[in-house]
Amino acid sequence: MKLRCVQPRWSKALTLLPALALALGVTTAAPAAAAPTVSSGWNNFSCKPSAEHPRPVVLVHGTFGNSVDNWLGLAPYLVARGYCVFSLDYGQLPGVPLFHGLGPVDASAGQLADYVDQVLAATGARKADLVGHSQGGMMPRVYLKSHGGADKVNTLVGLAPDNHGTDLNGLTRLLKYFPGAEKYLDDHTPGLTDQMAGSDVLNRLNEGGDTVPGVHYTVIATKYDEVVTPYRSGFLDGPGVRNVVLQDLCPLDLSEHVAIGLTDRIAFHETANALDPAHATPTTCASAA
């Protein structure tokens, strides 16, 4: 009797167009072994915001990321500066451990809404600040616009967000040459196709303006972004918006899409400025020290 290896349906979706799947925000090289612990001060639901930093910070990972791996650099950076820091997993697919952000963006925004409510209830804060990488910088805007988040968020910081989608240097335009490919990806990994420039999700999100009243927005982009292309498609237009290019702050910064969220301390410093603009200090190449 011959044994036939049955490939899981989700695996087929990820291997159909590997360049597309990988390019849309892979943020981790190896899965984390455990969730952040209370002793680290990260995801500590006993943390109470201080007078200096009165709002908890919720970190929102990117596609294929998770609540641990995406934030091994920034979470401790913010904790050391006195913030109550939290992170969530969202966009999980059945049978796919550790690699998240693959579910429908609108459903993911609903998960974020529930998590922010938990954080606010635990900390006693009236509003939270959000910091997201890649999809994690765009998806919260769906929460703000369509899931009641506008009254619960003070600041949204996006690190290389795909606010107006991406064409992946033209790669998405190749889908038309693979009959059924886009539908297959949409059926099985909708979090990928929702991020393509011109998707229904993005059209609805950006219809009527990029921002909602009362929220402060900062977008931190890198001109070396190979995932969000063109990189300025991450920029927002509207009141209360600050759009920043890393290389305008430090011409020597070579970070691309992944590094800006994982390791770039210049981006981290600018994030801290956005969270506490009253005490902001100039972000320069020396900020990486």
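What counts, and where the lines are drawn
Residues numbered from 1 in each chain as written. Predicted model: local features only at pLDDT ≥ 70, side-chain atom pairs only at ≥ 80, totals over all residues. Heavy atoms only, no water. Helix = DSSP H or I, 4+ residues; strand = E, 2+ residues; numbered from the N terminus. Contact = heavy atoms within 4.5 Å. Expected span 1.5 Å × (residues − 1). Buried < 20%, exposed > 50% of the residue type's maximum accessible area, 1.4 Å probe, protein only. Disulfide = S-S within 2.5 Å. Core = buried A, V, L, I, M, F, W, Y, C linked by side-chain atoms within 4.5 Å. Phe/Tyr/Trp six-rings, centres within 6.5 Å; stacked < 30°, edge-to-face > 60°. Lys NZ or Arg CZ within 6 Å of the ring centre and 35° of its normal. Pairing = 2+ DSSP bridges. Axes fitted to C-alpha atoms, helices over the stretch in contact; angles between N-to-C directions.

Trainee: Just to check I follow, could you spell out the side chain of Thr-218 for this structure?
Mentor: Secondary-structure assignment places Thr-218 in strand β5 (residues 216-221). Setting aside residues no more than four positions away along its own chain, Thr-218 makes contact with Leu-156, Val-157, Gly-158, Arg-242 and Ala-274.

Trainee: What should I look at first to understand helix α5 (residues 135-146) in this one?
Mentor: The terminal C-alpha atoms of α5, which comprises twelve residues, lie 16 Å apart, in line with the 16 Å expected from a rise of 1.5 Å per residue. Where burial is concerned, most of α5 is hidden: ten out of the twelve residues are buried. Within α5 the residues assigned to the buried category are Gln-135, Gly-136, Gly-137, Met-138, Met-139, Pro-140, Arg-141, Val-142, Tyr-143 and Leu-144. Among the residues trailing α5, Gly-148 stands out with phi positive, at a value near 75 degrees.

Trainee: Help me understand the state of the cysteines in this model?
Mentor: Disulfide: a covalent bond connecting the sulfur atoms of a pair of cysteines. One pass over the structure, following the stated rule, counts two disulfides. Each sulfur in the disulfide pair Cys-47 and Cys-84 lies 2.0 Å from the other. Disulfide Cys-47-Cys-84: the torsion about the S-S bond is -80 degrees, which places it as left-handed. Taken together, the residues Cys-47 in the loop between α2 (18-23) and β1 (57-60) and Cys-84 in the loop between α3 (74-79) and β2 (85-88) connect sequence positions 37 residues apart. In this pair, the class of Cys-47 matches that of Cys-84, namely buried. Disulfide pairing places Cys-250 opposite Cys-285 at an S-S distance of 2.0 Å. Between Cys-250 and Cys-285, the S-S dihedral sits near 100 degrees, and the bridge is therefore right-handed. With Cys-250 in the loop between α9 (246-249) and α10 (257-262) and Cys-285 in the segment after α11 (265-275), this pair connects stretches of sequence that are 35 residues apart. With relative accessibility at 3%, the residue Cys-250 sits in the buried group. The exposure class assigned to Cys-285 is partly exposed, which follows from its relative accessible area of 32%.

Trainee: So what exactly am I meant to see when it comes to the nonpolar core here?
Mentor: Within soluble globular proteins, side chains that are nonpolar tend to cluster in buried spots. Counting 36 residues, the largest nonpolar core has Val-58, Leu-112, Leu-130, Tyr-143 and Leu-144 as its most contacted members. Elements that contribute at least two residues to this core include exactly β1, β2, α4 (105-123), β3 (128-133), α5, β4 (153-159), α8 (200-206) and β5. Looking at this core, the element that brings in the most residues is α4, giving eight residues. With residues up to four places along the chain from it excluded, the contact list for Leu-144 reads Gly-149, Ala-150, Val-153, Leu-156, Val-212, Val-215 and Tyr-217. Membership of the second largest hydrophobic core comes to 27 residues, among which are Trp-42, Tyr-77, Val-157 and Leu-275.

Trainee: Explain the packing of aromatic side chains here, please?
Mentor: Evaluated as defined, the whole model comprises three aromatic pairs. Taken together, a centroid distance of 6.3 Å and an interplanar angle of 85 degrees make the contact between Phe-45 and Tyr-115 edge-to-face. Placement of the pair is Phe-45 in the loop between α2 and β1 and Tyr-115 in helix α4, with a sequence separation of 70 residues. Judged by its relative accessible area of 34%, Phe-45 falls in the partly exposed class. Given a relative accessible area of 10%, Tyr-115 falls into the buried group. Grouped by ring-pair contacts, the aromatic residues Phe-45, Phe-86 and Tyr-115 constitute a single cluster. Lying across the ring of Tyr-77, Arg-81 places its NZ or CZ 3.5 Å from the centre.

Trainee: Before we go on, may I ask you to explain unusual backbone geometry in this structure?
Mentor: Glycine aside, a negative phi is what most residues show, and trans is what most peptide bonds show. Put simply, Thr-229 and Pro-230 share a cis peptide bond, and its omega is -10 degrees. Looking at the secondary structure, you find Pro-230 in the loop between β5 and β6 (241-245). The phi dihedral of Phe-64 falls on the positive side, at around 70 degrees, and the residue is not glycine. Relative accessible area serves as the criterion here: at 10%, Phe-64 is assigned to the buried category. Despite not being glycine, Leu-98 shows a phi value in the positive range, around 75 degrees. By secondary structure assignment, the location of Leu-98 is in the loop between β2 and α4.

Trainee: Explanation requested: the sheet that holds β5 in the structure shown.
Mentor: What holds strands together in a sheet is hydrogen bonding between their backbones, with the strands either parallel or antiparallel. Read from one edge of the open sheet, six strands run β2-β1-β3-β4-β5-β6, paired in parallel fashion. If you trace the sheet from one side to the other, it starts and ends with β2 and β6, each paired once. Sheet twist, expressed as the mean angle between neighbouring strand axes with direction ignored, is 15 degrees. Here four bridges tie β1 to β2, and the two strands are oriented parallel to one another. Considered in β2, the bridge of Val-58 is made with Phe-86. Along the sheet, α4 contacts β1, β2 and β3; its crossing angle with β2, the most-contacted strand, is approximately 155 degrees.

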